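Structural overview
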Number of protein chains: 2
Amino acid sequence: MVLSIVGLGLGDVEDVTLKGFNAVKEADVVFLEIYTSLVINANKQTLESFYGKEILEADRICIEEQNDKILEEAKTKKVAILVGGDPFSATTHSELYLKAIEQGIDVKVIHNASIMNAVASCGLQLYRFGETVSIPFFEVNWRPRSFYDKIIKNRSANLHTLCLLDIKVRERSVENLMANRLIFEPPRFMTVNVAIDQILEIDNELNLLGETEIKAIGISRLGTKEGKIISGTLQSLRNSDFGVPLHSLIICAPELHDLELSFYNHYASG
Amino acid sequence: MVLSIVGLGLGDVEDVTLKGFNAVKEADVVFLEIYTSLVINANKQTLESFYGKEILEADRICIEEQNDKILEEAKTKKVAILVGGDPFSATTHSELYLKAIEQGIDVKVIHNASIMNAVASCGLQLYRFGETVSIPFFEVNWRPRSFYDKIIKNRSANLHTLCLLDIKVRERSVENLMANRLIFEPPRFMTVNVAIDQILEIDNELNLLGETEIKAIGISRLGTKEGKIISGTLQSLRNSDFGVPLHSLIICAPELHDLELSFYNHYASG
C-alpha cells in the first residue's frame, strides 16, 4: 500500500516533522532502523511511548538481506521505517527505496536534518565542505588511510572536511559469527579523541598535513541541549572532553572567512 | 528571553518539526525570513492559518541591517524566526546567531532538512559532493564564471556538484533604488534550463568540461508531491520541462558508482 521512510532528525523524539509524525501514527507496521544511524535521545522504548504503538527493531540483516519481507508487507499495509537523520544519508536506504519503487510500491520519503547539513552549526559555511569522510575504528591488522588522503585533498583545495565517526551497533565477534551465535558486542561509538589519534598516527608516518597548527572543531550530541562544540588545533582537541556520544569532527580548510573565524574563536573556550 | 531560529524544511507547512512547531506556538513574536530561502508550499498566509497567529515578513534589511530591533525584542520576549530549509544554510542566520549569543540572548536553533542534504533524493551519494556552487542570473555586463571553475574542479576530483539557482525576491530596479522607492520587481527564480544555458555559454568559450556527454540531474520542488527528478546529459536537460520553481541542478562526477548509475537510469525517463 505504502512505504514511508521517515527521517527522525538528530536529537530528540520531537525532532520528527509533523508529516513524519502523522505517517507513523497512521502506519500499520513500524520499523526502527538501528545500525546506520541513531537519534541521540530516542530508542525503541522512548519512541514506542511517544507514538503509543509497537515498534520493531530492524538491524542490518533485516534491512539489507531480508528486506523482501518488508516490501511484501508494504504491498498490502502501511509500513513506516524510521531512520535517524535523513532517509538518504545512508546508501542502505537508497537501495531499499529503489527496490521498492521498481516493485511498484508507493514510497514516501520524509526528509529531516542530518549531520550532513546541521554541521553548519559550528559556524563553518556548508558551501565550503569538500568530500565527507568516514573514519572507521582501526583494528590490529586493518588501518585504512583513505580518509586521511581525502582530508589532505580537501585541505589542498581550501575546503573543510566533515569526518563521520564509526558506530558499531549489533556487531558480532569473529568467534560468535563463525559459530553462528546471535550474541552481540556492546555498542561502540568513536570519540573525537580517538578519531584525532588515528589521523595523527597516519600523519606521523606520512606528514602530509604540513603545518603544525591544524584548525579543527569537535562536535558532540548535535541537536540536543547538552551538545558541545569545541574548536582548537587537532593536537589540543585530542585532550578535550566531549562527553557521551555521538561525536563528529571537522578538519578546517587552511583559510577561514572572517565570519567563520569569529565562530572558531567563539567556540575556542569550549 | 529567547530567540528561536526555526528551520521549516523544504516543501509543506507540515515539514516543520514538532520542536519547531511548539517554539512557534509559544512565541510572542514570529518573523518569516523571506529572501534567502523559501518553503515551497508555504507563505505568510498559509503559515498564519497553520499556526493561528500573526507572522511578520522579514526581508534582507530587517534581518541584516535592522536586526538590533529583533535582538532587543528577544531580550524580553519569546521571538521566533522562521527560515526555509535549515537555519544555518545561509550565512545571514549564522551572523544573527553569533550576534545574539554575544549579547547574552538564549538562542535555540531548530534544525531541519535543506537542499544541502535532501539533494541525495536523486540517488547520488551525499559523501561524493564537492564544493556547492550558487549560479546567479547573468546580467548584460555581469557574467561571473566562478561557479563554472568550481564545477570543473569538482569534476576533476571525481565529485558531484550541487548548483543552487538564483532566487530574486524583493529586488528593486536600479531606478527605484536610486530614487529610494520601495517598489519591488516581481520575484524571479532561475530554472534548470537557464542554469544550463549559462554553464554552456561559458563552456563554449573555455571548453573545460571536456567530454560532450556530461551527466546531470535536474530537480524541482523537492520535498513536495509534485516534485520532479530528471536525469540526462546537460544538453538534453536544457529542453526538459521541470515545471514551476524551486529548481536545483546537479552536475555529476565523471564516474558513477553502480547504485548511483541505477538511480540515474531510473530518472532518465523523467
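Residues numbered from 1 in each chain as written. Chains lettered and ligands numbered in written order. Predicted model: local features only at pLDDT ≥ 70, side-chain atom pairs only at ≥ 80, totals over all residues. Heavy atoms only, no water.

Put simply, the rule is: UniProt positions are given in the numbering used here, feature names are shortened, and annotations may be inferred rather than shown by experiment.
An unreviewed UniProt entry annotates chain A as diphthine methyl ester synthase of Theileria equi strain WA. Chain A has a UniProt comment under Pathway (unreviewed entry) that states "Protein modification; peptidyl-diphthamide biosynthesis."

**Focus on the interface of chain A and chain B**
As a reminder, the rule being used: Working rule for contacts: check all heavy atoms of both residues, and any pair within 4.5 Å makes them a contact. Here the quantity called buried area is the total loss of accessible area, with a 1.4 Å probe, experienced by two parts when brought into contact, counted for both. What makes a salt bridge here is a side-chain nitrogen of Lys or Arg within 4 Å of a carboxyl oxygen of Asp or Glu, nothing more.
Residue-level contacts link 46 residues of chain A with 46 residues of chain B. Across the chain A to chain B interface the summed buried area is about 4000 Å²; carbon plus sulfur atoms make up 65%. Interface area lost by chain A to chain B is led by Leu18, Lys19 and Tyr127 of chain A, which between them contribute 18%. On inspection of chain A and its partner chain B, the count reaches four salt bridges.

**Describing the packing of helix 7 (residues 146-156) of chain B against helix 9 (residues 192-206) of chain B**
Residues and elements named next belong to chain B. Let me state the cut-off plainly: Here an axis means a line fitted to C-alpha atoms, over the contact stretch when the element is a helix, while the angle between two N-to-C directions is reported on a 0 to 180 degree scale. Note on conventions: DSSP H or I runs of at least 4 residues are helices, E runs of at least 2 residues are strands, and numbering of each starts at the N terminus. Throughout, the term roughly parallel applies to angles under 35 degrees, roughly antiparallel to angles over 145, roughly perpendicular to angles from 65 to 115, and oblique to all others.
Taken N-terminus to C-terminus, the directions of helix 7 and helix 9 make an angle of 75 degrees; their axes are 10 Å apart at the nearest point. The angle between the axes of helix 7 and helix 9 places the two elements in the roughly perpendicular class. Every residue of helix 9 that contacts helix 7 at Phe147, Tyr148 and Ile151 is listed here: Gln198, Ile199, Ile202, Asp203 and Leu206.

**Re the UniProt feature "binding site: S-adenosyl-L-methionine" (unreviewed entry) in chain A**
All names here are of chain A. Selection criterion: Here a polar contact is recorded for every N or O atom pair within 3.5 Å, except that within protein the pair must consist of a potential hydrogen donor and a potential acceptor, and residues adjacent in sequence are included only if both atoms are side-chain atoms.
What UniProt calls "binding site: S-adenosyl-L-methionine" (unreviewed entry) maps, in this numbering, to Leu10, Asp86, Ser114, Ile115, Leu165, Leu222 and His247. Excluding anything up to four places from it in sequence, Leu165 contacts Ile135, Met190, Thr191, Val192, Ala195, His247, Ser248 and Leu249. Tracing the chain through its elements places His247 in strand 12 (residues 247-251). If near-sequence neighbours (up to four positions away) are discounted, His247 is found in contact with Leu165, Met190, Thr191, Val192, Ile219, Ser220 and Phe242. Polar side-chain contacts of His247 include one of 3.5 Å to the backbone oxygen of Phe242.

**With respect to the sheet that holds strand 10 (residues 215-220) of chain B**
Residue and element names in this part refer to chain B. Threshold: Strand pairing follows a simple DSSP-based rule, namely that at least 2 bridges must link the two strands.
In spatial order, the strands read 6-7-12-10-11; together these five strands make up an open sheet with mixed pairing. With partners counted over all chains shown, the strands left at the sheet margins are strand 6 (133-135) and strand 11 (228-233), one partner each. Taking the axes of each pair of neighbouring strands and ignoring which way they run, one obtains an average angle of 25 degrees across the sheet. As judged from the four bridges shared by strand 7 (residues 161-165) and strand 12 (residues 247-251), these two strands associate in the antiparallel manner. Bridge pairing links Cys163 to Leu249 in strand 12. Sheet contacts for helix 9: strand 6, strand 7, strand 10 and strand 12; angle to strand 12, the most-contacted strand, approximately 40 degrees. Lying over the sheet, helix 11 (residues 258-266) contacts strand 10 and strand 11, oriented at roughly 60 degrees with respect to strand 10.

**Description of the relation of the copies chain A and chain B**
Rules: A residue counts toward the fit only if its pLDDT is at least 70 in both copies, and the copies are then superposed by least squares on the C-alpha atoms of those residues.
Superposing chain A onto chain B requires a rotation of 180 degrees together with a translation of 0.0 Å along the rotation axis, leaving an RMSD of 0.0 Å. Taken together, the rotation and translation describe the operation of a two-fold axis. A shared interface surface links the copies, since 100% of the contact residues of chain A are contact residues in chain B too.

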